[in-house]
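Overview (structure and organization)
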Amino acid sequence: MQLRNSSARYGWISIVMHWGVALVVFGLFALGLWMVGLDYYSAWRKEGPDLHKSIGITLFAVMLLRIVWRLLSPPPPALASYSRMTRIGAAFGHALLYLGLFAVMIAGYLISTADGAGIPVFGLFEIPAVVSGLPDQADVAGEVHFYLAWVLVIFAGLHGVAALKHHFIDRDATLARMLGRKA
């Protein structure tokens with residue numbers, strides 16, 4: 001399989017980033033829901049959030065790389081069979097997914113740095129608290145993070161349903177291209 005995207009399909013790097021980000025987003029969502037229910041005496045009370053933050057920071061870096069990769073290796077053009085509305089919807093949907101991901105991660109950063117402390121990443125290094133001390137920073141960012149995470153996961157699910165619709169109902173190459181296959 002090719003590394004770079006072609007006019008017919010996505011390359012290996014784009015495919016791995018796409019499916020990897022999807023798995024990590026759903027995993028972080030599940031971890032986030034689980035960890036907010038931990039009680040004070042749970043062994044995971046500190047480790048759960050630390051893991052969530054470390055994975056979230058790593059995801060942020062991967063998303064930055066993903067944007068650079070899209071510039072270096074543009075995705076295949078929309079299929080000729082797509083209507084104008086489908087093209088607009090796909091562009092709008094992808095933009096919302098990217099913006100939603102970054103907004104959730106920035107809100108998470110603002111929660112974690114509200115007290116002025118940096119964010120340790122897997123115990124290897126620390127991301128400094130550049131923004132802290134805003135009025136109700138942790139509470140407001142927490143609300144934004146929570147609700148945007150739900151919106152993002154629901155929208156990502158709809159994105160998956162749309163891909164299945166293209167594959168099984170429209171019988172076009174949309175899903176096949178993201179699996180690295182030709183139409």
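Residues numbered from 1 in each chain as written. Predicted model: local features only at pLDDT ≥ 70, side-chain atom pairs only at ≥ 80, totals over all residues. Heavy atoms only, no water.

Put simply, the test is: UniProt positions are given in the numbering used here, feature names are shortened, and annotations may be inferred rather than shown by experiment.
If you check an unreviewed UniProt entry, the protein chain appears there as Cytochrome b561 from Pseudomonas mucidolens. According to UniProt, the comment filed for the protein chain under the heading Sequence similarities (unreviewed entry) is "Belongs to the cytochrome b561 family." We quote the UniProt Subcellular location (unreviewed entry) comment for the protein chain here in full: "Cell membrane".

**Considerations on the overall build of the protein chain**
Basically, it comes down to this: Comment: elements are numbered from the N terminus, with helices defined as DSSP H or I runs of at least four residues and strands as E runs of at least two. Only protein chains enter the accessibility calculation, which uses a 1.4 Å probe; a residue whose area is less than 20% of its type maximum is buried, one above 50% is exposed, and one in between is partly exposed. Residues count as neighbours in contact if any of their non-hydrogen atoms are within 4.5 Å of one another. In short, Shrake-Rupley with a 1.4 Å probe defines the accessible areas, and a residue's cover is counted only from the protein chains shown. Charged residues are defined narrowly, with Lys and Arg counted positive, Asp and Glu counted negative, and His plus the chain ends left uncounted. Here the site of a charge means NZ on Lys, CZ on Arg, CG on Asp, or CD on Glu.
Across its full length, the protein chain carries five helices and two strands. Ordered by position from the N terminus, the helices and strands of the protein chain form the series α-α-α-β-β-α-α. Classification of the 183 residues of the protein chain by burial places 34% in the buried group. Summarising the internal contacts of the protein chain: among those between residues at least 6 apart in sequence, 68% fall at separations of at least 24. Just so you have it, the protein chain exposes about 11300 Å², and 72% of that area is on carbon and sulfur atoms. Across the protein chain, the mean location of the 14 positive side-chain charges is 23 Å away from that of the 10 negative side-chain charges.

**A short note on the nonpolar core**
How we decide: For this analysis, a nonpolar core means a set of buried residues of the types Ala, Val, Leu, Ile, Met, Phe, Trp, Tyr and Cys, connected via side-chain atoms within 4.5 Å.
Ranked by size, the top nonpolar core spans 16 residues in total, and within it Val 21, Val 25, Leu 59, Met 63, Leu 101, Met 105 and Leu 152 carry the most contacts. Put simply, the parts of the chain that give this core at least two residues each are helix H1 (12–35), helix H2 (44–72), helix H3 (84–112) and helix H4 (137–168). Sorting elements by how many residues they give to this core places H3 first, with six residues. Not counting residues up to four positions away in its chain, the partners in contact with Val 21 are Leu 59, Val 62, Met 63, Arg 66 and Leu 101.

**Description of the packing of aromatic side chains**
Let me state the cut-off plainly: Pairing of aromatic side chains requires ring centres within 6.5 Å, counting the rings of Phe and Tyr and the six-membered ring of Trp. Pairs whose planes differ by under 30 degrees are stacked, by over 60 edge-to-face, and all others tilted.
Under the definition given, this model contains five aromatic pairs. With 5.9 Å between their ring centres and 70° between their planes, Trp 34 and Trp 44 make a pair best called edge-to-face. Of this pair, Trp 34 sits in helix H1 while Trp 44 sits in helix H2, and the two are ten residues apart along the sequence. Exposure remark for Trp 44: the relative accessible area of 43% places this residue in the partly exposed category. Taking 5.2 Å as the distance between ring centres and 90° as the angle between the ring planes, the aromatic pair formed by Tyr 40 and Tyr 41 counts as edge-to-face.

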